There are 2 protein chains.
Amino acid sequence: MKKYTYQLFALLGSALMLSSCGNQNGNSSSGALNSSNAEKVYVAPGEHDEFYAFMSGGYSGNLTVYGLPSGRMFKEIPVFSQFPTSGYGYSEETKPMLETSHGFVPWDDSHHPDISQTNGELDGRWIFINGNNTPRIARISLTTFETEEIIEVPNSAGNHSSSFVTENTEYVVAGTRFSVPIPQRDMPINEYKGNFQGALSFISVDPEHGHMDIKFQIIMPGFNYDLSHPGRGKSHGWFFFTTYNTEEANSLQEVNSSQNDKDFIAAINWKMVEEYVNNGGGKKVPANYAHNLYDESTHTATSTMKKEVLTVNPLDVPGAVFFLPTPKSPHGCDVDPSGEYIIGNGKLSADLTVHSFDNMIAAIEGKKFDGEAYGIPILKFEDVLAGVVKSGGLGPLHTEFDGKGNAYTTFFISSEVVKWKLGTWEVIDRKPTYYSVGHLMIPGGNSRKPFGKYVVALNKITKDRYLPVGPEMEHSAQIYDISGEKMELLYDFPTHGEPHYAAGIPAELLAPKSKKIYRLDENKHPYAVLTPDQARVERKGNEVHIYMSTIRSHFTPDNIEGVKVGDKVYFHITNHEQDFDVPHGFAMIGQNTSELLIMPGQTKSSVWEPKKPGVWPFYCTDFCSALHQEMQGYVRVSPADSNIELSWSLGED
Amino acid sequence: MKKYTYQLFALLGSALMLSSCGNQNGNSSSGALNSSNAEKVYVAPGEHDEFYAFMSGGYSGNLTVYGLPSGRMFKEIPVFSQFPTSGYGYSEETKPMLETSHGFVPWDDSHHPDISQTNGELDGRWIFINGNNTPRIARISLTTFETEEIIEVPNSAGNHSSSFVTENTEYVVAGTRFSVPIPQRDMPINEYKGNFQGALSFISVDPEHGHMDIKFQIIMPGFNYDLSHPGRGKSHGWFFFTTYNTEEANSLQEVNSSQNDKDFIAAINWKMVEEYVNNGGGKKVPANYAHNLYDESTHTATSTMKKEVLTVNPLDVPGAVFFLPTPKSPHGCDVDPSGEYIIGNGKLSADLTVHSFDNMIAAIEGKKFDGEAYGIPILKFEDVLAGVVKSGGLGPLHTEFDGKGNAYTTFFISSEVVKWKLGTWEVIDRKPTYYSVGHLMIPGGNSRKPFGKYVVALNKITKDRYLPVGPEMEHSAQIYDISGEKMELLYDFPTHGEPHYAAGIPAELLAPKSKKIYRLDENKHPYAVLTPDQARVERKGNEVHIYMSTIRSHFTPDNIEGVKVGDKVYFHITNHEQDFDVPHGFAMIGQNTSELLIMPGQTKSSVWEPKKPGVWPFYCTDFCSALHQEMQGYVRVSPADSNIELSWSLGED
């Protein structure tokens, strides 16, 4: 029987994968319409895009910034992964950002960006994103577009139902995907059921500087927690998580986690839990996790290891946690702008289930339960149901909203986006995607105020959409105009890494406050050289510290002698430019690290351990001026037993 | 005096930087024309771009693939830098690719891609690119779009006048930018003049499999060698290199390397040198350099350290090396499709100098020399000159050709592309760039057969061209239609890293042979698991080897016990898919390396050193099917002194 189920799934998967790739041309428009679509996505030289789209990098570990409607990538912001391009995760200043309780981790899998909100509307201060593999949440500044903070999430594994914010950014929420022994310990895997648990973490965000702290973790039954979204408006104070594998299987999950006809959406009254812990509730338990902060004034990150976390047993806070039955392995968990509708997309179901917040409250108040799971009350499906969307599609995953009463749901298996009406549940339009769409994004679509002009479909299979580039292809996005009754496919554009979710925001909310330079007179880096006459070289035992400044088109100093094989040579380089877009780069031949890319007013440091005597050049790696090619210098490296003293030329007179 | 010169340059630089940024809107077209430009760059969903453009990543160390005219990025191919996205430089199979004589180097600065040629025309077999910092040349397959080979270049530093191929890809040529002591040794930097030297390396390319070998290095005077291009047609057999810093200054180069009114283009008769070494000429000298090869059938790289290299003193091959005087610090060195014209762009000169190959041969035959430099004959400027282009621009850098008798030169300081006529030297058109253009690229522009439909300008300063994203911006490209008499600016698109040069090729020459999968039945990886029943776990001392297979939607095995703290756990994972675009990813929580991204039919390996007892999950990182979220497993890690035996569940019945 199991075997049969398994084969059925395999067959289903292959067949549908094929069928979704049958039509290789996604453009049903006529030539005339093409030209109009061309104009709609064309941003002429000198003009700017209308929206920013922040796309998770997925397995790149980073966050990419695109413009809409053009689909052009403006930046890759390194977050969880080493980034040789700028030296992130290689420079002395940024290596602490990638420290964890497991040691230095140079990679992660970033999934769901979410922009900070005030009163349920995008405020454009920060963007958060989760590290899915080694559980972490990062906060990125939307003025510098740099990662400012990363906090590890203990008792978690596969930090997937993350990182979504409450409507005043009181919390960024991180839910485990995989349940594990809490605390982690050596135990047989097949004792999973009833013993493993899942942590849902509420991480407070300081309203002034954004600093994160794990306020509490709710320790839930050993299900898989897939996605989540906050309540908003009337449901503000609640948070909703989809679960799957309520079967608590630990092997061959593709079959064994798909047995139950219904799994759950977990509804969490986090305000109630917050009050409970504010009154001394919860239990502090030992847990090692890293908290990494990047300070913009010192241009330097620090890593601190925290030692304990506050856990909450949901049974100790009656009335705070409920389960809403939801058809078969729901994936996305989306809440409409009014906060009334909670949509569970049963990925193995054809229909969308929409729960009603009002119905849920009424059912809770009426104590109409349908049993419990590990002591947590289960509400009756019929009691909380608002409606069912008979979509006709297969494999619904995610839903976003246009703020005009419509919802848009992706269907992975039938490769389409379906537009439907909130309240009447009628299907209004459907358009194919190429191919196998995952998430979709409408700017502000996860807030009280969406900007419903475009929807972007983030597709998982690319195949023939672009010129072929060998077995490995980029993933692909498609942008649709949703300003009319029917959706209109405008354009395909490749995306870098594997964008899972994305967060969009109107350009006018971010562009005016984007930082252009770092002020040199505000540079508090301990090794900064604020004027060229402070440039110098110092020896401390076998460490050599080179305090260097750089400006078009030279380094100061530019000739250095007295370094020896076996020395650890630190280059501390301050970029003295104060004009926008004049970085300098620094590279040393044979370095066992990356380059440094140093923004105006910034200081960065790199370590070089020369292995051979000789005269070795360094140079600027970013073409900065007409005399960039002349921007170079030499370090003389003498044998370890040499008695040559340190000396250097300032190269200035 | 020196001080004055320096200040003048600083002033000049700032003033021109400002002036180049004054006009913030690059679009001089009317609204009606815009719409036509929109159509020209729009590639409708389901349609394909007309050209591939391979852009160097610059300080990303990689190579990116774009489509033209759309400007969309299809891929980032990791070459010289670690790439967390796919595990390149982290996986056991690819770590050897980044070995050098200085040890493991995780980064480089990639500058000038060049596509292999047959009879002077693009043949689309391979693309070569240089590592500028730790001198290396890479060869990338244009069927798999993977880096297949990297060879280090000894006696070099700042491998900039690289990597250009001769017209039958007999050689890929690598010239040093910085001169250094040869062999490297401890000596005072200020003894540079007369003692440092520059190596120009001719690297043979096996016509069948493309393997590279350094055939010989010509040891030249201690100038800086900036750029180079091959002769073609009648000048096939020659190679041309620009030099600067013929002053042989070693400090404050921006001033001290700009004193001479003329520097040189070095003309190398490589056929003559080849014959010389084929007859036993040259001197083998000790030199350590790495040669790294990736084998597509084993999916594995190996690194070999070579021990000697053949050097040639140009004075030993009379008639093989000459200097052509060329105005002030020439940067680009470009040869027209006929092979007659050699263009030296004096970057501090307003005019372009065009040398004539025929004139050069006549002058050599007439022995009309104007002295010598370190024994190398200097030809008379007037004797070799073909013409001067009175461009009216400032800071000429690079020239490409459209195959219709026209040349296009970039001007960094005056921010423009100037179109001029070969032979008459008249200026036909000029268009502004935004801002400060470096290289430019016409597909096939460095061959006997350019495809002169578009030119792409690769700009160095971006500033306000796109939505702002903090102090660090991507660089920017602009595409112009050059099918008519006047150039027409079509579109701006951001580029990833810092593209220096680029190489373009018509899609029809590459697309048909692009590989879609690796055949599983051809997988010769020593740790491959070709059928799921070969999946197993083996202990060898404290090494645990997990031989794993993966297919939608499970790993085999999926539960593993008996691993202990202190073990070194190797995951060897074979992707059993045989469909296009179905990679699987693999990540293990807390890993101190990147993920693996495994293409269909491929095997990759990752090492994990678990530090804590517990039950730790792994999962697929690439959304591969409707049941991707179920694609996971667990490893139980017991304390070091545990006596639990290895066991695993195949997860298949």
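Reading guide: rules and limits
Residues numbered from 1 in each chain as written. Chains lettered and ligands numbered in written order. Predicted model: local features only at pLDDT ≥ 70, side-chain atom pairs only at ≥ 80, totals over all residues. Heavy atoms only, no water. UniProt positions renumbered as here; feature names shortened; annotations may be inferred. Contact = heavy atoms within 4.5 Å. Buried area = accessible area lost by both parts, 1.4 Å probe. Salt bridge = Lys/Arg side-chain N within 4 Å of Asp/Glu carboxyl O. Polar contact = N/O pair within 3.5 Å; in protein donor to acceptor, adjacent residues only side chain to side chain. Nonpolar A, V, L, I, M, F, W, Y, C, P; charged D, E, K, R; others polar. Least-squares fit on C-alpha atoms with pLDDT ≥ 70 in both. Helix = DSSP H or I, 4+ residues; strand = E, 2+ residues; numbered from the N terminus. Buried < 20%, exposed > 50% of the residue type's maximum accessible area, 1.4 Å probe, protein only. Arc of directions from axis to C-beta.

The name given to chain A in an unreviewed UniProt entry is Nitrous-oxide reductase, with the source organism recorded as Maribacter arcticus. Word for word, the UniProt comment on chain A under Subcellular location (unreviewed entry) is "Cell envelope".

Contacts between the two partners involve 168 residues from chain A and, on the opposite side, 169 residues from chain B. The junction of chain A with chain B conceals about 14300 Å² of combined surface from both sides, 58% of it contributed by carbon and sulfur atoms. Where chain A meets chain B, there are 4 salt bridges. Two residues, Arg636(A) and Asp186(B), come together in a salt bridge whose shortest N-O distance is 2.6 Å. Here chain A and chain B share 84 residue pairs in polar contact (both at pLDDT 80 or more) between them. Taken together, the residues of the side of chain A that touches chain B break down into 75 nonpolar, 58 polar and 35 charged.

For the pair chain A and chain B, the relating rotation is 180 degrees, the translation along its axis is 0.0 Å, and the fit reaches an RMSD of 0.0 Å. Expressed as a symmetry operation, the mapping of one chain copy onto the other fits a two-fold axis. Measuring from the rotation axis to each C-alpha of chain A, the shortest distance belongs to Ala38(A), at 2.8 Å.

Further remarks concern the environment of Gly282(A). Residue and element names in this part refer to chain A. Topologically, Gly282 is positioned in the loop between helix H4 (270-278) and strand E17 (283-295). Here the alpha-carbon distance between Gly282 and Leu310, two residues 28 residues apart in the chain, equals 6.1 Å. Contacts of Gly282, omitting those with residues within four sequence positions, involve Tyr276, Leu310, Thr311 and Val312.

All names here are of chain A. By the burial criterion, the buried members of helix H5 (residues 357-365) are Phe357, Met360, Ala363 and Ile364. For H5, the arc enclosing every buried residue in end-on projection is 125 degrees, short of the 170-degree limit, so these residues lie on one face. The N-capping residue of H5, defined by a side-chain oxygen 3.3 Å from the backbone nitrogen of Asp358, is Ser356. Directly beyond the C-terminal end of H5, a positive phi value near 50 degrees is found at Lys367.

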